[in-house]
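# Observations on chain architecture
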Amino acid sequence: MAHSLISLRLLSSLLLFASLPLSQSNQFCDAGIGYRESTCGVSSTSSSKLLIKGGTVVNAHQQEIADVYVEDGIIVAVKPNIKVGDDVTLLDATGKYIMPGGIDPHTHLSMEFMGTETIDDFFSGQAAALAGGTTMHIDFVIPVNGSLVAGFEAYEKKAKKSCMDYGFHMAITKWDESVSREMEIMVKEKGINSFKFFMAYKGALMINDELLLQGLKRCKSLGALAMVHAENGDAVFEGQKRMIELGITGPEGHALSRPAVLEGEATARAIRLARFVNTPLYVVHVMSIDAMEEIAEARKSGQKVIGEPVVSGLVLNDSGLWDPDFITAAKYVMSPPIRESGHDKALQAALSTGVLQLVGTDHCVFNSTQKAFGIDDFRNIPNGVNGIEERMHLVWDTMVDSGQISVTDYVRITSTECARIFNIYPRKGAILAGSDADIIIFNPNSSFEISASSHHSRTDTNVYDGRKGKGKVEVTIVGGRVVWQDDELKVVPGSGKYIEMPPFSYLFNGIDKADAKYLSSLQAPVKRFSAS
């Protein structure tokens, strides 16, 4: 039935597209509905049966030479020398890796922020992701006037043009009994198992410690993962005022106003409050040594803390923020900011040793016109950089080709661990019989080059512009359909599915026993005799 609906939608869209003049048809596609040559088209593989032959299948736990057979969007078999009939589409992966498609845990598509909206929507952002080998992402729903239900409904509408699978986190921006009730609705009825708390953006999204504590307690009771954007928002506000008083109004003022010590402080505070409540914690976009060391110390003590670096923090330093050209400098503005040289190498080392567990992007893009809102005051530059298309290539080049991690580790940090943390493994994040057929064919001997003129995002800049490296995603398969091959993207708006994520992931294992142990250790209340 779903395939029939997609076919009817596709047919009606194509008929409408054919009836438009050329200029109108380009606008139609640019709106994320039609079919632009570079990013749009009918799926290149119409067969529901697919055999990938001769490659090395890589999962997080092992690699083996095997074929992968797919039917109706599901992996049916993974073994050597699979024999099939003539009705099966064949893909030769000899000398290449067959891997689970990437899962990006941290994106902001169609997000209204700082007086504007991110330029990539759920079509263009996902199309870019598919061209880079990412086959699922988890986006952040922002409540509407504090209402989680209204926010969810708004994002449901935004995601109708999706061309790959996606899930949702939910932000919490205020606290009262209605928010507490709606959190339960999100978990039990809407498939959301994570809630994000912003410790920064004073006067907008920021919450205080009292709200964070209430949120941590509610997350624990629901089996949902608490996530934090860890910066001391009050101190950042003071830092911003200080920079303006010093006459520093350009993009460099952004980094100077929110130094790494403020990220470290907020990370430490969130970790300690999560320990007090005894609930797992996920720290998003870990950008500094200061934050990373707090996570390392907590994990060493046995606390369940997940650290997520993002690509920009792993491969860039803050030198671009001092570029004399405003547009060039402004494209690097994000929060927490990209740090000075040295933090990048330390974060790579932490990722390679397991201190940090998975890689996101915080893909949150604004074009040059939007970035120019802050040409006279860095506080008005919309925060965000790209990465949804570049992540898989840059992580391979930076971490695998350099010898810092293995091929199986690469699958773990780009796909499998995300699926485990958000409780959708092995449906996602694995090349196993029964898993969804979200697959990439990766050629370690090929090369890539990143360019703002050829990327698939709608933004006109790219913080990785001109970067070259080894290893390339040559084929992307989503739901059993080949959507990226021979540097050509063929995607269908509306073909993506919302993936519900159940609560109580592996991170909650043992929480109840730890609580029981704590209660038994209290030796309280003490029975006392009143004086006669």
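Shown above is the structure to which this text applies.
What counts, and at which threshold
- Residues numbered from 1 in each chain as written.
- Predicted model: local features only at pLDDT ≥ 70, side-chain atom pairs only at ≥ 80, totals over all residues.
- Heavy atoms only, no water.
- Helix = DSSP H or I, 4+ residues; strand = E, 2+ residues; numbered from the N terminus.
- Buried < 20%, exposed > 50% of the residue type's maximum accessible area, 1.4 Å probe, protein only.
- Contact = heavy atoms within 4.5 Å.
- Areas by Shrake-Rupley, 256 points an atom, 1.4 Å probe, with all protein chains shown as cover.
- Pairing = 2+ DSSP bridges.
- Axes fitted to C-alpha atoms, helices over the stretch in contact; angles between N-to-C directions.
- Expected span 1.5 Å × (residues − 1).
- Arc of directions from axis to C-beta.
- Salt bridge = Lys/Arg side-chain N within 4 Å of Asp/Glu carboxyl O.
- Core = buried A, V, L, I, M, F, W, Y, C linked by side-chain atoms within 4.5 Å.
- Polar contact = N/O pair within 3.5 Å; in protein donor to acceptor, adjacent residues only side chain to side chain.
- Patch = residues over 30% accessible without salt bridge, like charges linked within 9 Å, V, L, I, M, F, W, Y side chains within 5 Å.
- Phe/Tyr/Trp six-rings, centres within 6.5 Å; stacked < 30°, edge-to-face > 60°.

What follows concerns the overall build of the protein. Assigned secondary structure in the protein consists of 17 helices and 20 strands. Expressed as lengths along the three principal axes of its C-alpha atoms, the size of the protein is roughly 95 × 55 × 45 Å. Across the 532 residues of the protein, 58% fall into the buried class. For the protein, restricting intrachain contacts to residue pairs at least 6 apart in sequence, the fraction spanning at least 24 positions comes to 76%. A total of about 21300 Å² of accessible surface is found on the protein, and carbon and sulfur atoms cover 51% of it.

Either a parallel or an antiparallel arrangement is found when strands of a sheet pair, and the pairing is made through backbone hydrogen bonds. Reading across from one edge, E5-E4-E1-E6 is the order of the four strands in this open sheet, with mixed pairing throughout. Every interior strand has two partners, whereas the edge strands, strand E5 (74-79) and strand E6 (89-92), have only one. Each adjacent strand pair in this sheet contributes to an overall mean axis angle of 15°, direction not counted.

What follows deals with helix H5 (residues 177-189). Its 13 residues place the ends of H5 18 Å apart at the C-alpha level, agreeing with the 18 Å of an ideal helix rising 1.5 Å per residue. Of the positions making up H5, those classed as buried are Val179, Ser180, Glu182, Met183, Met186 and Val187. The arc that holds every buried residue of H5, seen down its axis, measures 165°, which confines them to one face. Away from its buried face, by an angle of more than 90 degrees, H5 presents the exposed residues Glu177, Arg181, Lys188 and Glu189. Those residues of H5 that are buried are in contact with helix H4 (148-158), strand E12 (165-172), strand E13 (194-198) and helix H6 (209-222). Trailing H5 by a residue or two, Gly191 shows a phi angle of about 75°, which is positive.

Under the defined criterion, the tally for this structure stands at 27 salt bridges. Here the salt bridges share partners, and the residues they tie into one network are Asp165, Arg427, Lys428, Asp436, Asp438 and Lys497.

For the rest of this paragraph, the subject is the nonpolar core. Counting 111 residues, the largest nonpolar core has Met99, Phe168, Phe195, Phe197, Val228, Leu281 and Tyr410 as the members making the most contacts within it. If we ignore the near neighbours within four places in the chain, the residues touching Tyr410 are Met99, Met392, Val395, Trp396, Val400, Ile405 and Phe442. Counting residues in each nonpolar core, the second largest holds 18 residues, with Phe140, Met227, Ile424 and Leu507 among its members.

All right, on to the sheet that holds strand E17 (residues 439-449) then. Within the open sheet, the seven strands sit side by side as E3-E2-E7-E17-E18-E19-E20. Their pairing is mixed. Lying at the two open borders of the sheet, with one neighbouring strand each, are strand E3 (63-65) and strand E20 (488-489). Alignment of strand E2 (residues 56-58) against E3, held across three bridges, turns out to be antiparallel. Bridging from a neighbouring strand, Val57 pairs with Glu64 of E3. With respect to the sheet, helix H16 (residues 407-421) is in contact with E2, E3, strand E7 (97-100) and E17, its orientation differing from that of E7 by roughly 30°.

Glancing now at the side chain of Ser194. Secondary-structure assignment places Ser194 in strand E13. Of the polar contacts made by the side chain of Ser194, one reaches the side chain of His169; its length is 2.6 Å. Among residues more than four places away in sequence, those in contact with Ser194 are Phe168, His169, Met170, Ala224, Leu225, Met227 and Phe422.

Mapped onto the secondary structure, Thr459 falls in the loop between E17 and strand E18 (468-478). Here Phe366 takes part through its backbone oxygen, which lies 3.3 Å from a polar atom of the side chain of Thr459. Apart from residues no more than four positions distant in its own chain, Thr459 is found in contact with Ile119, Val365, Phe366 and Asn367.

What follows concerns unusual backbone geometry. The linkage connecting Tyr425 with the following residue, Pro426, adopts the cis geometry, with an omega of 5°. Examined against the element boundaries, Pro426 turns out to sit in the loop between H16 and E17. Cis geometry is found at the peptide bond from Ala524 to Pro525, where omega equals 0°. With respect to the helices and strands, Pro525 occurs in the segment after helix H17 (511-521). A positive phi angle is found at Ser110, which is not glycine, with a value near 50°. For Ser110, the location among the structural elements is in the loop between strand E8 (102-107) and strand E9 (112-113). Residue class for Ser110 comes out buried when judged on its relative accessible area of 5%. At Tyr201, a position not held by glycine, the phi torsion is positive, near 65°. On the basis of relative accessibility, which here comes to 16%, the residue Tyr201 falls in the buried class.

As a further point, take the pairing of E18. The element E18 is extensively covered by neighbouring structure, given that eight of its eleven residues are classed as buried. Inspection of the sheet shows E17 paired to E18 by eight bridges, in the antiparallel sense. Paired with Phe442 across the two strands is Val473, which belongs to E18. What sits between the antiparallel neighbours E18 and strand E19 (residues 481-485) is a turn of two residues, in which Gly479 has the positive phi angle 60°.

Where burial is concerned, most of helix H13 (residues 343-352) is hidden: seven out of the ten residues are buried. Residues His343, Asp344, Ala346, Leu347, Gln348, Ala350 and Leu351 constitute the buried set of H13. Against helix H9 (260-277), helix H10 (289-300), helix H11 (311-315), helix H15 (391-400) and H16 lie the buried residues of H13.

A surface patch of nonpolar side chains, amounting to about 320 Å² of accessible area, comprises Tyr518, Leu519 and Leu522. Along the chain, Tyr518 falls in helix H17. Its relative accessible area of 51% is what places Tyr518 among the exposed residues.

Further remarks concern the packing of aromatic side chains. According to the stated counting rule, one finds 17 aromatic pairs in the structure shown. Ring geometry for Phe198 versus Tyr201: centroids 6.0 Å apart, planes at 55°, classification tilted. In terms of burial, Phe198 and Tyr201 fall into one category: buried. When the centroid spacing of 5.6 Å and the interplanar angle of 70° are considered together, the rings of Phe504 and Phe508 count as edge-to-face.

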